[in-house]
Every structure is written in C-alpha cells, then in structure tokens.
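# A structural walkthrough
Read off the chains here:
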Amino acid sequence: SKAEEARANKDTDTEFIYYWISFNAAYANEFGEIDRVGERELFESFLSKIADLDTTERLYQLIWQQFSGSIRLLMDNKFVYQPFWDYHRGRISEEEWQQRFMASKAALNVALASKKVPVAMAKIFTRLYTLRNQIIHGGATYNSQVNREQLKDACNLLNKLIPLIIALMMSAPDQLWGEGCYPVV
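A short tour of the structure in this document, coming up.

Cut-offs and rules
Residues numbered from 1 in each chain as written. Predicted model: local features only at pLDDT ≥ 70, side-chain atom pairs only at ≥ 80, totals over all residues. Heavy atoms only, no water. Helix = DSSP H or I, 4+ residues; strand = E, 2+ residues; numbered from the N terminus. Buried < 20%, exposed > 50% of the residue type's maximum accessible area, 1.4 Å probe, protein only. Lys, Arg positive; Asp, Glu negative; His and termini not counted. Salt bridge = Lys/Arg side-chain N within 4 Å of Asp/Glu carboxyl O. Polar contact = N/O pair within 3.5 Å; in protein donor to acceptor, adjacent residues only side chain to side chain. Contact = heavy atoms within 4.5 Å. Phe/Tyr/Trp six-rings, centres within 6.5 Å; stacked < 30°, edge-to-face > 60°.

Here we come to the side chain of arginine 127. Among the secondary structure elements, arginine 127 is positioned in helix 9 (residues 117–136). Although arginine 127 is buried, it forms no salt bridge, and the closest oppositely charged side chain is aspartate 76 at an N-O distance of 6.8 Å. At a separation of 3.0 Å, a polar atom in the side chain of arginine 127 contacts the main-chain carbonyl oxygen of methionine 75. Residues in contact with arginine 127, not counting those within four places in the same chain, are Leu74, Met75, Asn77, Val80, Tyr81, Phe101, Ser104 and Lys105.

Written out as structure tokens, the structure is:
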C-alpha cells in the first residue's frame, strides 16, 4: 500500500495521511450521516462495532501488549490533546484543560484494565484525530522537527491497527457497513 511505501521511504507525514485515508474509508459511509452525528462520533461508533466483532481480543492484545508504551506516550503528549489547544485559543482555562487531560489518561487506564476496548480505542483515536487535524489543516510543517515522536508512534500503531480493522470487517461480510461516500457509478 501507499502507506507502506511511505514508511519504507521514512516519509512519516505521508504515511500517517495514507493510514488515516484507509481508516476513513473503512468507517465513513455517507456524509449526510457525518453531518448529523459528527465525524468523531461516527468513528467512535465504528470502533465499538469493530471491537464487538473481535471475539479473540486481538485489538486488546495489540493496544495493551504490543503498543502500551507508544499509547502511553501519545496519551501523555499535550500537543495531541485538543483541549490544550482550546486553552491556547482562550476557550477554556489552563486548570480546565489540565483536569481534562488527567481525567482522559485515567479513563484510558481504567478502560484498558477492564478490557473496555471501544472506550480505549475512542480515547486513542481522539488523540490521533487531533494529530490528523494538525497535519491536514496545516498546523504542522511537512517533515519538521516538531511532532515527530507522536507521528512515529501513531504510524507504528496504525501500521498494525488498520490491517486488523480491515480483517475484522472482512470476517463479518453479513454486517451492514453502509454505503460508500463516493461509490463508482
């Protein structure tokens, strides 16, 4: 895939974008639905559906055993936490973003400890979504010195997670995944 090609060329920015396109293609079905519930709610609902299909706990093993260190670094990184940016824009107080930050990390730990994969995945993907916004909306310079570690961690996780999500989808051909946004006509 193009993401793997970018990975081989050590082009982390492009790699992340291709992984996000793959993820987006898996969960997004009709933009009318996105307008109604919001993109983040749509992918959280999708992640819950995927987790329900994962009867052998492959997602849990991936996020807990293989990537727990990377995920902790991602969760500890204030630069991929949207309320941090809301504070810098004057929308919330410093105390509020810091309290939410600590609560979010604690909620992930509780979700992981109790094997609540959809909740854990939603917390992780919320951070990835902020990183995605930084890249897609021009808040990060291509191949810059900043945000490299969170981008590498995100790509390493998505490199394993996206194929697993697709495999879980393919294991349930009877599921309704929705109509494609732009089907071939």
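This part takes up the pattern of salt bridges. One side chain can pair with another of opposite charge once the charged atoms of both are near each other. Taken as a whole and assessed by the stated rule, the structure comprises seven salt bridges. One salt bridge connects arginine 7 with glutamate 15, and the closest N-O pair in it is separated by 2.4 Å. Take arginine 7: its relative accessible area is 29%, and that puts it in the partly exposed class. Arginine 91 is paired through a salt bridge with aspartate 86; the nearest N and O atoms lie 3.5 Å apart.

This part takes up the packing of aromatic side chains. The final tally for this structure, using the stated rule, is 13 aromatic pairs. Centre to centre, the rings of tryptophan 20 and tyrosine 129 are 6.1 Å apart; their planes meet at 50°, and the pair counts as tilted. Of this pair, tryptophan 20 sits in helix 2 (residues 12–27) while tyrosine 129 sits in helix 9, and the two are 109 residues apart along the sequence. Accessibility expressed as a relative area gives 17% for tyrosine 129, which makes it buried. A centroid spacing of 6.2 Å and a plane angle of 45° characterise the contact between phenylalanine 79 and tryptophan 85, whose relative ring orientation is tilted. An aromatic cluster of three or more residues is present, and its members are Phe16, Trp20, Phe23, Phe46, Phe125 and Tyr129.

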